[in-house]
Amino acid sequence: SEQLNRFAGFGIGLASLFTENVLAHPCIVLRRQCQVNYHARNYHLTPFTIVNIMYSINKTQGPRALWKGMGSTFIVQGITLGTEGIISEFTPLPRELSHKWNLKQIGGHLLLKGLTHVIAMPFYSASLIETVQSEIIRDNPGILDCVKEGIGRVVGMGVPHSKRLLPLMVLAFPTAVHGVLHYVISSIVQKLVLFVLKRDNSHNLPTESSASVQSMLDAYFPELIASFAASLCADVMLYPLETVLHRLHIQGTRTIIDNTDLGYEVLPINTQYEGMRDCINTIKREEGMLGFYKGFGAVIVQYTLHVAVLQLTKIIYSTLLQNVS
């Protein structure tokens, strides 16, 4: 029974990771393409139009078009984790906050997060390009192309870019702000949700027959639900900033994306933003406030899928444990 519980717990965690990083990837691809598409007339604010455009792209280009750039997103995650570990090892900046934290510790911890995002920034740019570049005009990229492109961006070599390419120093501030805010919002929401769930669980005492099942559900699910809620809140609250960030990163890279109005044809990205403030003002003036939320329907689809997978694994787990007991 204990071995089964461990296996089930591992399976639940694996299902959640699979949903976040694999099943949700087509939503991330469409969301990013909509965010950088300043031409678009259809903003895809609802899940219905997003699902329709996903179907059109899949029909014209094949399923690979919706999973492009997935390898590079894993590489960026690995670079981010590795960078954070190395910086915390060789500096006094704390990777984790102790229970007896103070303002100095919090400041050092957030500085570490900001530095990590700035160092990983060139690779994030390369990964973003892989994710939004149309499959129609794209060569088969290698698994480590985003590393090569990222290094090339730092040293000023590699694929030629236009004169509109923004310097990395201009991108550093919005990238660090977005990364730190996402972490802060996620952490606060996660702690609040965990506190509420654990308090509710302590009031609802299970009967003897369901005690073992309930105790195992209480052990695994609050963490997953808190993580889900934290990620959702951070993504929704920072969506306008993410739109601005992606447009700044993609400018001048000679990227060609899919036409998100039609689901076929391609469009060049020819923006001329001078920086973060100019980008915000231009979107507000030319596309309206809803222009910051282009592709928001993909977020709804992404987290609906996540809820469905969590609920399904919970039902399977409960049934399995009850049958065994």
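Let us look at the structure shown here. On a predicted model such as this, the values are computed, not experimentally measured, just so you know. (Residues numbered from 1 in each chain as written. Predicted model: local features only at pLDDT ≥ 70, side-chain atom pairs only at ≥ 80, totals over all residues. Heavy atoms only, no water.)

## A short note on the packing of helix α2 (residues 25-36) against helix α9 (residues 239-250)
Link 1 in the chain: For the pair α2 and α9, the least separation of the axes is 9 Å and the interaxial angle reads 75°. Relative to α9, α2 is oriented roughly perpendicular. On α9, the residues that touch R31, R32, Q35 and V36 of α2 are Y239, E242, T243, H246, R247 and I250.
Link 2 in the chain: Here the residues of the contact of α2 with α9 sort into three nonpolar, three polar and four charged. (Axes fitted to C-alpha atoms, helices over the stretch in contact; angles between N-to-C directions. Helix = DSSP H or I, 4+ residues; strand = E, 2+ residues; numbered from the N terminus. Parallel < 35°, antiparallel > 145°, perpendicular 65-115°, else oblique. Contact = heavy atoms within 4.5 Å. Nonpolar A, V, L, I, M, F, W, Y, C, P; charged D, E, K, R; others polar.)

## Quick word on a nonpolar patch on the surface
Link 1 in the chain: A surface patch of nonpolar side chains, about 250 Å² in accessible area, is lined by L111, L115 and I119.
Link 2 in the chain: One can find I119 in helix α5 (residues 103-132).
Link 3 in the chain: Of the residues examined, I119 reaches a relative accessible area of 42% and is grouped as partly exposed. (Patch = residues over 30% accessible without salt bridge, like charges linked within 9 Å, V, L, I, M, F, W, Y side chains within 5 Å. Areas by Shrake-Rupley, 256 points an atom, 1.4 Å probe, with all protein chains shown as cover. Salt bridge = Lys/Arg side-chain N within 4 Å of Asp/Glu carboxyl O. Buried < 20%, exposed > 50% of the residue type's maximum accessible area, 1.4 Å probe, protein only.)

## Description of the packing of aromatic side chains
Link 1 in the chain: Counted under the stated rule, the structure contains four aromatic pairs.
Link 2 in the chain: Centroid distance Y239 to F296: 5.4 Å. Interplanar angle 85°. Geometry classified as edge-to-face. Of this pair, Y239 sits in helix α9 while F296 sits in helix α11 (residues 296-324); the two residues are 57 residues apart in sequence, bridging distant segments of the chain.
Link 3 in the chain: The class for F296 is buried, based on a relative accessible area of 17%.
Link 4 in the chain: Ring centres 6.0 Å apart and planes at 75° place the aromatic pair Y293 and F296 in the edge-to-face group.
Link 5 in the chain: Residue Y293 is classed as partly exposed on the basis of its relative accessible area of 31%.
Link 6 in the chain: Taken together, the ring pairs connect Y239, Y293 and F296 into an aromatic cluster.
Link 7 in the chain: The ring of Y183 has K113 lying over it, and the distance from NZ or CZ to the ring centre is 4.4 Å. (Phe/Tyr/Trp six-rings, centres within 6.5 Å; stacked < 30°, edge-to-face > 60°. Lys NZ or Arg CZ within 6 Å of the ring centre and 35° of its normal.)

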